[in-house]
Structure formats: C-alpha cells, structure tokens
Amino acid sequence: MRLLIRLLGLLFVIYAALSLVRGLLGVIAPKQSIRSGSSGRLVKDPVCGTYIPEDTVFRAGDHFFCSQECQRKFLNG
Ligand SMILES: [Zn+2]
C-alpha cells in the first residue's frame with residue numbers, strides 16, 4: 001500500500017514536470033512562429049486556437065478562422 005502511494009506521488013511529479021515543460025514550450029513557440037511568418041501577420045482562430053496567416057483565413061467581422069467549419073461553429077455559438 002505504501003509503495004502504491006509512493007508510485008502515485010512519482011507519477012504526479014512526472015505529470016507536473018511535463019506540463020511545466022509543455023507550458024514553457026507553448027509560451028516560446030507562438031512567438032517564434034509569428035516572427036518567422038514572412039507573409040504578414042498571424043491571427044488566432046478563437047474556436048480551435050490555431051494561428052493562421054491573415055491572408056489565408058476565413059473572416060467574420062473582426063474574427064478570423066482557420067476553416068469554414070470553425071467560422072460556422074463560432075457564428076452558430
Ligand atoms: Zn479553427
């Protein structure tokens with residue numbers, strides 16, 4: 001029983017470390033992709049969170065979407 005608790009603690013530590021690394025990468029990665037985009041600005045899709053070049057997006061007013069499906073989801077709530 002004590003071994004099981006220790007194992008669960010170890011798993012929690014690994015999980016925490018992984019999410020920390022993933023969080024740090026998430027902070028760094030979008031900045032790099034915005035800087036490397038040569039064809040202008042990158043905009044964020046509010047539905048799925050994807051960054052897409054401004055000239056290839058589907059628009060709805062001031063909002064930008066990666067696909068017609070995301071656009072439809074946003075408009076239909
Ligand atoms: Zn999308």
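Residues numbered from 1 in each chain as written. Predicted model: local features only at pLDDT ≥ 70, side-chain atom pairs only at ≥ 80, totals over all residues.

## Considering the overall build of the protein chain
Now for step 1: Each helix and strand counted, the protein chain has two helices and four strands in total.
Now for step 2: When its helices and strands are written in sequence order, the protein chain yields α-β-β-β-β-α.
Now for step 3: Buried positions account for 6% of the 77 residues belonging to the protein chain.
Now for step 4: Here the analysis covers contacts within the protein chain between residues at least 6 apart in sequence; of these, 8% occur between residues at least 24 apart. (Helix = DSSP H or I, 4+ residues; strand = E, 2+ residues; numbered from the N terminus. Buried ≥ 20, exposed ≤ 12 C-beta atoms within 10 Å, placed from the backbone. Contact = placed C-beta atoms within 7 Å.)

## As for the nonpolar core
Now for step 1: Listed in full, the five residues of the largest apolar core are V43, V57, F64, F65 and C70.
Now for step 2: Leaving out residues up to four positions away in the same chain, F65 has contacts with D45, V47, V57, F58, A60, C70, Q71 and F74. (Core = buried A, V, L, I, M, F, W, Y, C linked by C-beta atoms within 7 Å.)

## Quick look at the confidence of the model for the protein chain
Now for step 1: Across the protein chain, the average pLDDT comes to 85, with 84% of residues at or above 70.
Now for step 2: Averaged pLDDT values over the elements of the protein chain bottom out at 81 in helix α1 (residues 2–36) and peak at 94 in helix α2 (residues 68–75). (pLDDT = per-residue confidence, 0-100.)

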